[in-house]
Amino acid sequence: MSAHAETHPEPLQEPLKKLLGGTTAKVMADQLGLRTVGDLLHHYPRRYAERGEMTKLSELPLEEHVTVVAQVADARVHKFNHGRGQRLEVTLTDGSGRLQLVFFGKAVWGAQQKLLPGRRGMFAGKVGVFNRKLQLAHPDYMLLDEDTDSEDLARFQLLPLYPACAKLQSWKIAQAVQMVLSTLEATGWRGLIDPLPEPVRTERGLITLPEALLKVHKPRTKADIEDARQRLKWDEAFVLQVALARRRAAESALPAAPRKPVEGGLLDAFDAKLPFTLTEGQRQVSQEIFADLATEHPMHRLLQGEVGSGKTMVALRAMLATVDAGGQAAMLAPTEVLAQQHHRSITEMMGELAEGGMLGGAEQGTKVVLLTGSMGAAARRQALLDLVTGEAGIVIGTHALIEDKVQFHDLGLVVVDEQHRFGVEQRDALRSKGKQPPHLLVMTATPIPRTVAMTVFGDLETSVLDQLPAGRSPISTHVVPAKDKPHFLARTWERLREEAEGGHQAYVVCPRIGDEEGPASAKKSGSSGESADSPESPEDEEEKRPPLAVLDIAGQLTSGPLSGLRVEPLHGRMQPEAKDEVMRAFAAGDVDVLVATTVIEVGVNVPNATGMVIMDADRFGVSQLHQLRGRVGRGSAAGLCLLVTEMPEASPARSRLEAVAGTLDGFELSRIDLEQRREGDVLGQAQSGVRSSLRMLAVIEDEDVIAEARDEATALVAADPELTGHPELRTALDALLDEEREEYLDKG
């Protein structure tokens, strides 16, 4: 931040405790992560209730903390426990549905005096179910007609409803926002920094920042809300894209050794012995990569492609081209199982070309070595020696490659598989082992819509492989409603037995390992409030059941429906040797059914596996289900994937599963996945920082804003890389790039 900015503190950087007092500020910081004036003003209303219009009570989400605006239809006191206890039941209505409020004990008298039929108010609490009716137990409430506290709010035509929590109701947040806005208006917004350059703002007809903040929190009309949203979306998109553009500019200014493909070398020899032709997509992406490798600046490319689209083949050709040009290539895999598998498949694909310097090895061959944490000392010593002398042109390993002891002769290319599992420190540690920064190719099998790639991996150029190579078989997917139709589940196990009897193999995937220490916390978090002390309902019971576990299911299948078949468990808590042994046995066809956790999600390649059953499929994300499904149908026989769930037909979880069953297109599914998640939750936990900086921008809906902001940002950074002429923008970047977001950008 510039010295000038420090003398007049920027109003949005002011700590909240200065304006709101310590107690409220502490609750805001602890419960919602809001610490500064800017944090609070960027905590936008989730929606707006109109006077006279109320929340649709018919659409309340279970287990979530909600605020509703509704009218009291009825209030009755019931006695229980032989007259010693009493509870007040209040029925709210809004024309679309009904909601019950329940109060016990001391709270009954006060609520009974206030909540009279006909009164209108805001009610906040966690939605539960009792006797098949939706209810809020001991909700907080504020009546909207005569509560002195509510006078300010009651004047609003459009009542802002904020994302809230048990200790901080929506109207308390609204009151704090009003107070902060009044203070800023009184000072004429002195010192406010507007990150959007004036020409960009006026060209697009966007309102000023103070106007936008007022209109989003105190709208008079729906048009006000729309104007505010447009402006605030632009801020988010633009500041993020400037950060990414600066990163791209800095990276492309670094020097790198060009690695131009050489005729008659390893790559040509490899291509000549390929038993199949490359797809058009593979050829085109390879050309993009070779062009990048030939330049004097490091390549930064993201290669995304469906499971089985042949990414490894494209990466291998890039590694061979690098070796031809005198460099070494390193491939970084997230797990030992995957590193070993890549090593196996690459040495098989290369044949005698992978035996450089050995008896029977090809003359222009090279050595391909594996380096993992669990290798024996002698093998490890030899691998390290092969790397430092340059004997090994290609190394495949886990993050053991990053350790200080590992030295390269001349590292030219780093390939990172399943990017989101590596942090930037790891990527940089590996890149620092080159004499100059090596070229970088990042691969992911999670299909990412274009705008998400622009937002999350915005510092990488993107290549997409969207054709599957010839010989991949279709996979049919079906939802198995185990609770409604138990005979479907019985048929599921018969189908696996049929696959095994036909000489094929199958996976059964479970969300949990089993025998965990202490009670399994099966509750899916989705609420930020404390649970109501209300009796459990059957729906709650289903939610509370622990997710099915590998060890339990493996035992049940062996002694039950799959008895006589060779069933083996596989999970992340097994020793690496034991894990490899099971995987090798499965790959060799000595195991019929592998009961596993998602350790198989990435990269396990067994062409003979045709069947997959995913238990409690509703507990996995859409992209993860798609990844898992990609493990079957890798050979010439068709694949079958069965998604087992106990969720009722009308539930959102069930519609997610139907979407997965309905299409094999990963890009289509990733759009569905994003549309169903909370806005701004771009790639789940993979990129937490982007969530914190995108509050208004919906990555899918706002495709145009993101694309335009990227163009503007690129042009601005090209003209003024240090942003000397845009001090406000620099300050906004400092705020965006606090540690968490810096880390997020670096993951790109």
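Quick caveat: nothing in here was measured; it's all calculated off a predicted structure.

Participant: Any chance you could explain the pattern of salt bridges here in plain terms?
Facilitator: If charged atoms from side chains of opposite charge come close, those side chains can pair. Scanning the model with the defined rule gives 29 salt bridges in all. A salt bridge links Asp386 to Lys367; the nearest nitrogen and oxygen atoms lie 3.0 Å apart. Residue Asp386 is found in helix 15 (residues 377–389), and its partner Lys367 is found in strand 11 (residues 367–371); the two are separated by 19 residues along the sequence. A residue is classified by how much of its surface remains accessible, and Lys367, at 17% relative accessible area, is buried. Measuring nitrogen to oxygen at the nearest pair gives 2.9 Å for the salt bridge that ties Glu498 to Arg491. In the salt-bridge network here, residues are joined through shared partners; they are Arg491, Glu494, Arg495, Glu498 and Glu499.

Participant: It is not clear to me how the sheet that holds strand 11 should be interpreted in this structure. Could you clarify?
Facilitator: Note: strands within a sheet are paired through backbone hydrogen bonds, in either parallel or antiparallel orientation. Ordered in space as 11-12-10-13-14-9-15, the seven strands form an open sheet in which the pairing is parallel. The two strands at the open ends of the sheet, each matched to only one other strand, are strand 11 and strand 15 (461–465). In this sheet, adjacent strand axes meet at a mean angle of 20° when their direction is disregarded. Strand direction decides the pairing type here: strand 13 (residues 411–417) and strand 14 (residues 439–444), joined by five bridges, are parallel. Within strand 14, the position partnered with Asp417 by the bridge is Met443. The sheet strands contacting helix 14 (residues 336–350) are strand 10 (328–332), strand 11, strand 12 (392–397) and strand 13, and the helix crosses strand 11 at an angle near 170°. Relative to the sheet, helix 15 contacts strand 10, strand 11 and strand 12, its axis offset from that of strand 11 by approximately 130°.

Participant: Would you mind going over the sheet that holds strand 19 (residues 593–596) with me for this structure?
Facilitator: Strands sit in the order 16-21-20-17-19-18 across an open sheet of six strands; the sheet is parallel. Edge positions in the sheet fall to strand 16 (475–481) and strand 18 (567–570), since each has one partner strand and no second. On average, each strand axis in the sheet is tilted by 20° relative to the strand beside it, whichever way the strands run. As defined by bridge partners, strand 17 (residues 505–509) adjoins strand 20 (residues 609–614) across five bridges and the pair is classed as parallel. Paired with Val508 across the two strands is Val613, which belongs to strand 20. On top of the sheet, helix 18 (residues 486–501) reaches strand 16, strand 17, strand 19, strand 20 and strand 21 (639–645); it is set at about 160° to strand 20, its chief contact. Sitting on the sheet, helix 20 (residues 550–559) is in contact with strand 17, strand 18 and strand 19, with an inclination near 180° to strand 18.

How each quantity is defined
Residues numbered from 1 in each chain as written. Predicted model: local features only at pLDDT ≥ 70, side-chain atom pairs only at ≥ 80, totals over all residues. Heavy atoms only, no water. Salt bridge = Lys/Arg side-chain N within 4 Å of Asp/Glu carboxyl O. Helix = DSSP H or I, 4+ residues; strand = E, 2+ residues; numbered from the N terminus. Buried < 20%, exposed > 50% of the residue type's maximum accessible area, 1.4 Å probe, protein only. Pairing = 2+ DSSP bridges. Axes fitted to C-alpha atoms, helices over the stretch in contact; angles between N-to-C directions. Contact = heavy atoms within 4.5 Å.

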